[in-house]
Amino acid sequence: MSKPLAQTFASGDVAAQSCDTPVWRQPGRLEALGSAFFTYLPPTPLAQPHWIATSAGTAQWMQLSDAWLAGDEALQVLAGNAVAAGSRPLASVYSGHQFGVWAGQLGDGRAILLGETASGIEVQLKGAGRTPYSRMGDGRAVLRSSIREFLCSEAMHALGIPSTRALALIGSPQPVQRETMETAAVVTRVAASFIRFGHFEHFAARDMQAELKALADMVIDEHYPECRSAETLAGNAYANFLQAVSERTARLLAQWQAVGFCHGVMNTDNMSILGLTIDYGPFQFLDAFDPGHICNHSDSQGRYAFNRQPQIAYWNLFCLGQALLPLIADEELTLAALESYKQVFPAAYAAQMLRKLGLPEDAPDGTSGTPPTEGRFALLVNPLLQLLADNRVDYTIFFTRLTEAVQQMQDGGQPDFEPNFEPLRDIILDRAGFDAWALIYSEHLAYTSPALAADLMQKSNPRFVLRNHLGEAVIRAAQADDFAPVQQMLAVLQTPFDAHPAHAAWAGFPPDWASTIEISCSS
Ligand code: AMP
Ligand code: MG
């Protein structure tokens, strides 16, 4: 395939004003790599598409006008029923390790890339029909899983956790066969890049060195340009790239663990090269804290259990390292690049957890007698997590109640800074255990100012996370053609640290039936 001849828009060419229709960069970055990377094909039309929800925040990021997003052209383009001028839809090929086993060739089996906007944002339709990489699948996504992906992408972004984002959710009466007959939906998802670890594994496994190098060079130049001039790791750009990906992945995992997010399918084809959360399937935010929780009903071995995620990410990075080895051309440098994960993950996780407790990570040690981070983690975080696990305490509610306790102290302006822990004692069976922990916690809290602690906690402890039962309630309404709850929940999840009194129930304890929800890979 020869490269299409067309104008290339530099990011700066487009003023930061909204566009009435997407302006596509031609060719897109993936397209420019050549035909070994993808297959051109249009989306498969969707019967009688209708809007379910859109995200104004994503539209703004993409510089799309509200008017365009509200119009019929957008509905047709984002349903896959019309191809916008300048867009050349395609599906990309990748491979990967699934559940620890080499799965060979995979690819965009139900996602179609419409193109890349002038400012470098890739736009995909997920559930837009079969592609050459669909294998046995039908290329569709059902309403239920599309609502979950749409809401969670935006929820993660609002939590400050890197993620692919969602622009629109479109429904259709078109039937889709799963365990029962369901209906189809299409999510428009967007990201600076949809490249996965599996893209690199694909070309490495086939010994396609030129393509592997072209892919790495493109990703480095576009997303990791600092790796070109880095003097670390013998100045090897590919080793520095692997190290940068390892560090981003480490920080992402620290955020997942701190917020209680379980991804569920951490196969290497579901790992973003930009360190984004990608491919929302059977994910779950923990209700009661259970370190070994398995959210994916198909994961009988618990490979992707909550507390195994950091280790699995490291395993996945090894697969990426293996794929990049021909480019790095030095085994020691490759291992050294991966080694950074082991420092960055624990440090980032400790910092996240201490912030949830209102304890600033970088308070100048010695000036106020602040104990070092490592010591505080061992003293405060480990015993707390043990206590939460032993007592099956609701993870999110524990931290919001703790935040409230510290905030009330600040509001009350009491100089002794003794929080009222009663609302927390109420939710922990082992009160003596909690009191012992709270005593040590109060001592540590006294090193910092109440205002600073309250502020940190307010920003680190969301009241609203997309728990399974909340998603389920919205899904049931949507299945009965009531789409208002999707948009209402989106609004709440977009500001998850706020109170939202009208939706206080969504910040409450899950009902008993929440633990009976079973979600697996097929959706
Ligand atoms: P996942 O682990 O869910 O991200 O999916 C693994 C692979 O299966 C990817 O290559 C997907 O594109 C593909 N896939 C999943 N569901 C379908 C479907 N309904 N139709 C076609 N391909 C699918
Ligand atoms: Mg996937």
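As the structure is a computational prediction, the values presented were derived from the model and not from experiment. (Residues numbered from 1 in each chain as written. Chains lettered and ligands numbered in written order. Predicted model: local features only at pLDDT ≥ 70, side-chain atom pairs only at ≥ 80, totals over all residues. Heavy atoms only, no water.)

**Quick notes on the overall build of the protein**
- Helix and strand content of the protein: 18 helices and twelve strands.
- Against the globule reference of 24 Å for 523 residues, the protein gives a C-alpha radius of gyration of 24 Å, in line with a compact fold.
- Over its C-alpha atoms, taken along the principal directions, the protein stretches across nearly 70 × 60 × 50 Å.
- Taken over 523 residues, the protein has a buried fraction of 59%.
- Considering only residue pairs separated by 6 or more positions, the protein has 73% of its internal contacts joining residues 24 or more positions apart.
- For the protein, the computed accessible surface area is about 20,600 Å², with 53% contributed by carbon and sulfur atoms.
- Once the 34 positive and 54 negative side-chain charges of the protein are each reduced to a mean point, those two points are 5 Å apart. (Helix = DSSP H or I, 4+ residues; strand = E, 2+ residues; numbered from the N terminus. Rg over C-alpha atoms; globule rule 2.2 N^0.38 Å. Buried < 20%, exposed > 50% of the residue type's maximum accessible area, 1.4 Å probe, protein only. Contact = heavy atoms within 4.5 Å. Areas by Shrake-Rupley, 256 points an atom, 1.4 Å probe, with all protein chains shown as cover. Lys, Arg positive; Asp, Glu negative; His and termini not counted. Charge placed at Lys NZ, Arg CZ, Asp CG, Glu CD.)

**A look at the coordination of the magnesium ion (ligand 2)**
- Listed as protein donors to the magnesium ion (ligand 2) are Asn270 (OD1) and Asp279 (OD); their distances from the metal cover 2.0 to 2.1 Å.
- Judged by its relative accessible area of 11%, Asn270 falls in the buried class. (Donors = N, O, S within 2.8 Å, 3.2 Å for Na, K, Ca; no water.)

**A few points about the side chain of Ser442**
- Its location among the elements puts Ser442 in helix 15 (residues 431-445).
- Discounting residues that sit within four places of it in the chain, Ser442 has contacts with Pro419 and Phe421.

**Some thoughts on the layout of surface pockets**
- When its volume is computed, the largest pocket comes out at roughly 890 Å³.
- Breaking the lining of the largest pocket down by element, the ones donating at least two residues are helix 5 (143-158) and strand 10 (181-191).
- Counting residues per element, the lining of the largest pocket draws most heavily on helix 5, at three residues.
- Looking at the lining of the largest pocket residue by residue, the classes come out as twelve nonpolar, 13 polar and twelve charged.
- Looking at which domains feed residues into the lining of the largest pocket, each of domain 1 (5-194) and domain 2 (198-351) gives three or more. (1 Å grid on protein atoms, 1.4 Å probe; cavity = no way out; pocket = protein on both sides within 12 Å on 5 of 7 lines; lining within 4 Å. Points joined across faces, edges and corners; volume = space filled by probe spheres on them. Nonpolar A, V, L, I, M, F, W, Y, C, P; charged D, E, K, R; others polar. Domains from an automatic or database assignment.)

**A short note on empty space enclosed by the protein**
- Across all of its chains, the model carries seven cavities of 30 Å³ or more by this definition.
- A volume near 100 Å³ is recorded for the largest cavity.
- Every residue lining the largest cavity is counted, 16 residues in all, and those nearest its centre are Gly28, Glu31, Leu113, Gly115 and Glu116.
- Of all elements in the fold, only helix 1 (29-32) and strand 6 (111-116) reach the threshold of two or more residues within the lining of the largest cavity.

**Some words on the domain arrangement of the protein**
- Domain annotation of the protein identifies domain 1 (5-194), domain 2 (198-351) and domain 3 (357-497).
- Here domain 2 and domain 3 have C-alpha centroids that lie 28 Å from each other.
- On the side of domain 3, 16 residues touch domain 2, which itself brings 16 residues to the contact.
- Contact with domain 3 buries surface across domain 2, with Phe285, Asp287 and Phe289 losing the most and accounting together for 39% of the total.
- At the junction of domain 2 and domain 3, the tally comes to two salt bridges.
- Arg467 is paired through a salt bridge with Asp287; the nearest N and O atoms lie 2.8 Å apart. (Buried area = accessible area lost by both parts, 1.4 Å probe. Salt bridge = Lys/Arg side-chain N within 4 Å of Asp/Glu carboxyl O.)

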